[in-house]
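The lines below spell out each chain.
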Amino acid sequence: MPVRLLALIPVAVAISLALSAAVEAVALPLFLDTTGTILATALAGPSVGVAVGVLTSAVNTLRNPTFWPFVVIQIIVALYAGLAARAGLFRGLRTAVPAGLGLGVIASLTSTPISYFLFGCTTTGGIALTTALGRALGLPPLGACFFGSFVSDFGDKAVTFALVTSVLHALPRRTAARFPLALRAIGAA
Amino acid sequence: MRTRHPFTLLTLAAALPTLAWLLPAPAGALGTAAVAFGLAAAAGVRRVLVPAVVTAAPFWLFLFVLHDLPTTLAIGLRITTMVAGFVWLAAVLAPDRLVEAMVARGWSVTVAYVFAATLSAVPLFRARARRIVEAQRCRGLSPRGSVAKRLRALRALALPLLLSALHEVDERALALETRGLRSGARRTPLAPPPDPALERAARWALLLVCIAALVGRLV
Amino acid sequence: MNPLTLEGVEFHYPATEAPALRDVSLAVAAGEIVALVGKVGAGASTLLLVAADLAPRITGGRLTGTVRRRARSGIVLPTPWTQLSGMAFTVWDEVAFGPANLGWPGREIARHVERALERLEIAALAERDPATLSGGEVQRVILAGILAMDPDVVLLDEPTAELDPAGARALWRLVRVLAGEGKAIVVATSDLDAVPAVADRVAWLEQGAVRAMGAPDLLAEEATCEAGLGTTVAGVWRAAGLAAPYPLTVADAIQRWR
């Protein structure tokens, strides 16, 4: 692996985990913990993205061990973002936001069974609360669990895609051109 | 336990939750949870055991609200094993020893690099993000207003962090290259941790126990 | 045979029209110190990256002309923080990062690390976590990490940027000692007043090209002073309306007054 992509991995993981401070400051129900995965994929392809995703989950696991099984989501995110980058969907918000919403649906469909069968849907405070809300609205347990995952994933992935698009366009061409996939992702090559 | 070989610590931390999910509930998970709490207590009651209990407690609350008692007990003990085991691991596993162990075992230097560099980059960027948030708070950032307004504020916080990080990737790559980090290079281990035969045997034994539990579960 | 020779080098960064270097020729002999001076963006950093074999290999872009390297080189970049390996949890291990990557035997690594720590006067920091050091300390650790790899060509990009005046003086003394050992040294610096005592030759870069090259006296000439690249003494002399030639150093000025 070229040394530039090697250096990108730790930085991308750190980005994903540092953005929670920004999210807390504006009090929005988001995670943004796949930002590094999506950004690394858009710059350097899905294999780098998968490495970033797996490591992000591993570091998260040191804080809260129940995050580990969700490494599957990070891998799916990297593969999906790889397709989106190849198709040039980061060329503008009009294409990036729908792509993010699509990822949100896929992510919540995947995380629901993991969350339900391994942890009884109690993984993180936010999801557990919305799941309890779902139950209160009369949904069956699995349905309530999906409701919880969906509410938290749907907006999150769309905002993340929009954020990555902003970054790719704000990046000087000279810097972007040093990464193999970046220009294609924003539809410039 | 801090002086044990890092691979032994990792194997133990991985085996505990594996067994907790594979062994029959709730007795199996009760056993693994007891072992995990024992390890945590031995590593330090206030520093390790108390954080483990505090991390595991909310799960019990939500489980109790969402499920009946047998399910709560079964899943709760599994999650508790996992939480206590990992909190223990994070406390006793020294990253530098793990990196040295990986290099000494002939792992690719790039794998060891990515691993270690991630552990040192995370606190660095967290601190940087907090500084950016503080600076923006001084200029009137507030967590109120419409969602659109807050999304714009989020963008203003995140963009400088991400752009400076990507700029840094470039400099990091140049610095690593000039200091000889290359895929496939044979790096000299600086202080490889000792790995006694007994510990190697213990790791294999743990692996066999896990396989046996899996077979027992499937048959 | 010179350890480093550039002939008619032109270099473009990826996705840029204007060249970062234009028709640059420079030969550096063993034991020689060449200082690169110029405004920000003049091409000094790029020239060092080309000399270090990092451009275009790592940066991308295209290079025409000839670059000949007959020896191993090490480069110290301007920002100290981003050069920490991230793989070392003590200063000792940080300095040993490069030698270990070269696969040297442990004893030889230890010898070179101890020597480099001593030379940079940071032996007392050996057990510290690099993440807890000040900017100046990190800059010294990084230079120690490069010297521990025993390069024959040492390339320095603003090596005194994070150092206090005493630290800067110590660094320039060390640079002279390294040259005395036969290392070829190229240093890009804006510490112009240090250049006359340190450098054997000065190359003035402007918009990617070598505008002038010669002895350090260059920093007291009308054209360099007009571009703001003269030494402080020469600049003051010129601003006071005193006659050319301007004195290069304080000692020169005193002599002229007498």
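If you're wondering where the values come from, they're calculated on a predicted model, not measured in any experiment. (Residues numbered from 1 in each chain as written. Chains lettered and ligands numbered in written order. Predicted model: local features only at pLDDT ≥ 70, side-chain atom pairs only at ≥ 80, totals over all residues. Heavy atoms only, no water.)

**A few points about helix 8 (residues 197-218) of chain B**
All names here are of chain B.
Turning to step 1, where the next piece is worked out: Over its 22 residues, helix 8 runs 32 Å from end to end, which matches the ideal 32 Å to within 8%, given 1.5 Å per residue.
Turning to step 2, where the next piece is worked out: All of the buried residues in helix 8 are E199, R203, C210 and A213. Buried residues of helix 8, viewed axially, fall in a sector of 85°; they line one side. Facing away from the buried side of helix 8, by more than 90 degrees, are the exposed residues A197, L198, W204, L208 and L218. (Helix = DSSP H or I, 4+ residues; strand = E, 2+ residues; numbered from the N terminus. Expected span 1.5 Å × (residues − 1). Buried < 20%, exposed > 50% of the residue type's maximum accessible area, 1.4 Å probe, protein only. Arc of directions from axis to C-beta.)

**Some thoughts on unusual backbone geometry**
Residues and elements named next belong to chain C.
Turning to step 1, where the next piece is worked out: Cis geometry marks the peptide bond from A55 to P56; its omega dihedral reads 0°.
Turning to step 2, where the next piece is worked out: You can see P56 is positioned in the loop between helix 1 (44-51) and strand 4 (62-69).
Turning to step 3, where the next piece is worked out: The peptide bond linking A244 to P245 adopts the cis configuration, its omega dihedral lying at -5°.
Turning to step 4, where the next piece is worked out: Mapping P245 onto the fold places it in the loop between helix 8 (232-239) and helix 9 (250-257).
Turning to step 5, where the next piece is worked out: Phi is positive for D150, close to 55°, though the residue is something other than glycine.
Turning to step 6, where the next piece is worked out: Checked against the element boundaries, D150 lands in the loop between helix 4 (135-147) and strand 6 (153-157).
Turning to step 7, where the next piece is worked out: Phi at E158 is positive, roughly 50°, even though this residue is not glycine.
Turning to step 8, where the next piece is worked out: Along the chain, E158 turns up in the loop between strand 6 and helix 5 (165-180).

**Overview of the sheet that holds strand 3 (residues 33-37) of chain C**
All names here are of chain C.
Turning to step 1, where the next piece is worked out: In space, the six strands of this open sheet follow the order 5-6-7-3-8-9, with mixed pairing throughout. Of all strands in the sheet, those with a lone pairing partner are strand 5 (73-76) and strand 9 (209-214), marking the two edges. Going from strand to strand, the sheet's axes swing by 15° on average, the running direction of each strand aside. (Pairing = 2+ DSSP bridges. Axes fitted to C-alpha atoms, helices over the stretch in contact; angles between N-to-C directions.)

**Remarks on the pairing of strand 6 of chain C**
All names here are of chain C.
Turning to step 1, where the next piece is worked out: With five of its five residues buried, strand 6 lies for the most part within the structure.
Turning to step 2, where the next piece is worked out: The side-chain alternation of strand 6 yields two buried faces, one formed by V153, L155 and D157 and the other by V154 and L156.
Turning to step 3, where the next piece is worked out: Bridge count for strand 5 against strand 6 is four bridges, and the pairing is parallel. Paired with I75 across the two strands is L155, which belongs to strand 6.

**Topic: the sheet that holds strand 4 of chain C**
All names here are of chain C.
Turning to step 1, where the next piece is worked out: An order of 2-1-4 is seen for the three strands of this open sheet, with the pairing classed as antiparallel. Edge positions in the open sheet fall to strand 2 (21-28) and strand 4, since each of these has one partner strand only. Averaged over all pairs of adjacent strands, the angle between strand axes in this sheet comes to 15°, irrespective of strand direction.
Turning to step 2, where the next piece is worked out: As paired elements, strand 1 (residues 4-12) and strand 2 share five bridges and run antiparallel to each other. If you follow T5 over to strand 2, its bridge partner there is A27.
Turning to step 3, where the next piece is worked out: Across the face of the sheet, helix 1 comes into contact with strand 1, strand 2 and strand 4 while running at roughly 120° to strand 1. (Contact = heavy atoms within 4.5 Å.)

**Details of the environment of T110 of chain B**
Turning to step 1, where the next piece is worked out: Mapped onto the secondary structure, T110 of chain B falls in helix 6 (residues 109-138).
Turning to step 2, where the next piece is worked out: When residues no more than four places from it in sequence are discounted, the contact partners of T110 of chain B are L6 of chain A together with R182 and S183 of chain B.
Turning to step 3, where the next piece is worked out: Reaching out from T110 of chain B, the side chain makes a polar contact with the side chain of S108 of chain B at a distance of 2.5 Å. (Polar contact = N/O pair within 3.5 Å; in protein donor to acceptor, adjacent residues only side chain to side chain.)

**Brief notes about the pattern of salt bridges**
Turning to step 1, where the next piece is worked out: Per the stated rule, a full pass over the model turns up 24 salt bridges over all chains.
Turning to step 2, where the next piece is worked out: A salt bridge links D195 of chain B to R203 of chain B, with the nearest nitrogen and oxygen atoms 3.0 Å apart. As far as the burial class goes, D195 of chain B and R203 of chain B line up, both buried.
Turning to step 3, where the next piece is worked out: A salt bridge links D53 of chain C to R69 of chain C; its shortest N-O distance comes to 3.7 Å. Taken together, the residues D53 of chain C in the loop between helix 1 and strand 4 and R69 of chain C in strand 4 connect sequence positions 16 residues apart.
Turning to step 4, where the next piece is worked out: Judged by relative accessible area, which is 31%, R69 of chain C ranks as partly exposed.
Turning to step 5, where the next piece is worked out: Within this structure, E177 and R182 of chain B together with D53, R57 and R69 of chain C form a network of salt bridges that share partners. (Salt bridge = Lys/Arg side-chain N within 4 Å of Asp/Glu carboxyl O.)

**Topic: the side chain of K157 of chain A**
Turning to step 1, where the next piece is worked out: Note on placement: K157 of chain A falls in helix 7 (residues 141-170).
Turning to step 2, where the next piece is worked out: Here the side chain of K157 of chain A touches D156 of chain A through a polar contact of 3.0 Å, side chain to side chain.

**Some thoughts on the domain arrangement of chain B**
Turning to step 1, where the next piece is worked out: Split into domains, chain B comes out as domain 1 (6-96) and domain 2 (109-178).
Turning to step 2, where the next piece is worked out: The centre of domain 1 of chain B, based on its C-alpha atoms, is set 32 Å off from the matching centre of domain 2 of chain B. (Domains from an automatic or database assignment.)

**What to know about the interface of chain B and chain A**
Turning to step 1, where the next piece is worked out: Contacts between chain B and chain A engage 52 residues on the former and 57 residues on the latter.
Turning to step 2, where the next piece is worked out: The tally of links from chain B across to chain A stands at two salt bridges.
Turning to step 3, where the next piece is worked out: A salt bridge links R4 of chain A to D170 of chain B; the nearest nitrogen and oxygen atoms lie 2.3 Å apart.
Turning to step 4, where the next piece is worked out: Our count for the contact surface shared by chain B and chain A stands at six residue pairs in polar contact (both at pLDDT 80 or more).
Turning to step 5, where the next piece is worked out: Looking at the side of chain B that touches chain A, its residues break down into 39 nonpolar, five polar and eight charged. (Nonpolar A, V, L, I, M, F, W, Y, C, P; charged D, E, K, R; others polar.)

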